[in-house]
Amino acid sequence: MNREKVQIFDTTLRDGEQVPGCKLDTKQKLVIAERLDKMGVDIIEAGFPVSSPGDFLSVSEICKIVENATVCGLTRAVKNDIDVAAAALKHAKKPRIHTGIGTSESHILHKLNTTREDIIARAKFAVAHAKSYVEDVEFYAEDAGRTDNAFLAKVCEEVIKSGATVLNIPDTTGYCLPEEYGAKIKYLKENVKGIENVILSCHCHNDLGMATANSIAGAINGARQIECTINGIGERAGNTALEEVVMIFKQHPYLNLDTNINTRELNEMSRLVSESMGMIVQPNKAIVGANAFAHSSGIHQDGVIKNRATYEIMDPLDVGVNESSIILTARSGRAALAYRAKKVGYELTKVQLDLVYIEFLKFADIKKEVIDADIHQIIEASKIQGELIRN
């Protein structure tokens, strides 16, 4: 059965770079963009060209090296923003202008100090003006997550008439529950004239830890583009994590959805972005964290040693990790100790293992983690209690 494709829109170089302290220079952006392109990302949001001369240059240079992906530039619903973005994208093989405006009552009244009618007029103008430069125009309804569905549908209808090819429905503040966000996408699919001619896109933030769940709910209900970042970096608590949505589709084939991403590049891509931005990946981060395939509990370790699938739903190789890690701590059992001892050259009998395990526990109660060098010390300390065989 052919699985339906969900396009991956990577905004690491735009939304991700807005994180304080994560500024990249043009050279660094080019390295990341080239890797994203080779990894199979469908759309690379290269930056916000009008924001600075440096961002304009980066977008322009990225356009020259990207071979396969669409290159996208962000704008506000402002004529000059769009003009500048179009100039920055002129070398792109597949250019896209991403323009939009706030649609929630909060944004209309407090941020923009205007009316719903004016919002629609400005949205239509922005899309039409962008369309005069490029065929591929994406419209974002900022704070769509808190926007009344009926008004959101009306805005969507109008920008489709003006030439939008993609409709971005952002949960800008990360407020929606997955059921609520999925229902919003479903409502638009069922109530917007012309919706069958455009792609619905999810752009979810992680303020309440639900960015990935909301994006998956959106895809299940008809969205066919997910906007995300490597390692889930982004403003405040971050964005939907690219590696998470990609592996969810891969591990749940019954969803009948898939991406073009080469998942074996995920771990290395995560490291590249982390090192380039100086943004450490938390060890317990899903998919790419240092502990994602690490086991320290004795019960878990015994299961994984016998059969990896007992405690791992993914093959580490699928995301570019060579093997699972058996971490020795005071919570580890004999099976893990024997496994790690064999790795460094010791084949222990059951009797020998029992003796060595006593010394191991003494050592492990002092140290947080027992490393390979420590195993040799433990073995040496155990020699007085039993003869050990070293291969």
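Residues numbered from 1 in each chain as written. Predicted model: local features only at pLDDT ≥ 70, side-chain atom pairs only at ≥ 80, totals over all residues. Heavy atoms only, no water.

**Brief notes about the UniProt feature "domain: Pyruvate carboxyltransferase" (unreviewed entry) in the protein chain**
According to UniProt, the feature "domain: Pyruvate carboxyltransferase" (unreviewed entry) maps to residues 6–267 in the numbering used here. The annotated region residues 6–267 carries 42% helix and 18% strand content, and the separation between its end C-alpha atoms amounts to 21 Å. (UniProt positions renumbered as here; feature names shortened; annotations may be inferred. Helix = DSSP H or I, 4+ residues; strand = E, 2+ residues; numbered from the N terminus.)

**Points about the pattern of salt bridges**
Side-chain pairing between opposite charges can occur once the charged atoms of the two side chains come close. If you walk through the whole model with that rule in mind, you get 33 salt bridges. Residues Lys131 and Glu135 are paired through a salt bridge, measuring 2.9 Å at the closest nitrogen-oxygen approach. Relative accessible area serves as the criterion here: at 25%, Lys131 is assigned to the partly exposed category. The exposed category is assigned to Glu135, whose relative accessible area is 59%. Between Lys161 and Glu158 there is a salt bridge, with its nearest N and O atoms 3.4 Å apart. Remark: Glu158 and Lys161 occur in helix H6 (residues 149–161); sequence separation between them is three residues, near one turn of the helix. (Salt bridge = Lys/Arg side-chain N within 4 Å of Asp/Glu carboxyl O. Buried < 20%, exposed > 50% of the residue type's maximum accessible area, 1.4 Å probe, protein only.)

**Let's talk about the pairing of strand S6 (residues 136–142)**
S6 sits mainly inside the fold: seven of its seven residues count as buried. Of the two faces of S6, the one carrying Asp136, Glu138, Tyr140 and Glu142 and the one carrying Val137, Phe139 and Ala141 are both buried. Here strand S5 (residues 95–102) runs beside S6; their pairing, made up of seven bridges, is parallel. From the neighbouring strand, His98 faces S6, where its bridge partner is Glu138. Examined bridge by bridge, S6 and strand S7 (residues 166–171) share three bridges and lie parallel to one another. Note that in S7 the partner of Tyr140 across the bridge is Asn168. Between S6 and its parallel partner S7, the chain crosses via H6, and the hand of that crossover is right-handed. (Pairing = 2+ DSSP bridges. Right-handed = clockwise from strand over helix to strand, strands pointing away.)

**Looking at the environment of Ile43**
For Ile43, the position within the fold is in strand S3 (residues 43–47). For Ile43, a relative accessible area of 2% puts it in the buried group. Taking C-alpha positions, Ile43 is 12 Å from Ala92, a pair spaced 49 residues apart along the chain. Sequence-distant contacts of Ile43, defined by excluding residues within four places in its chain, comprise Gln7, Ile8, Phe9, Asp10, Ala69, Thr70, Cys72, Arg96 and Gln225. (Contact = heavy atoms within 4.5 Å.)

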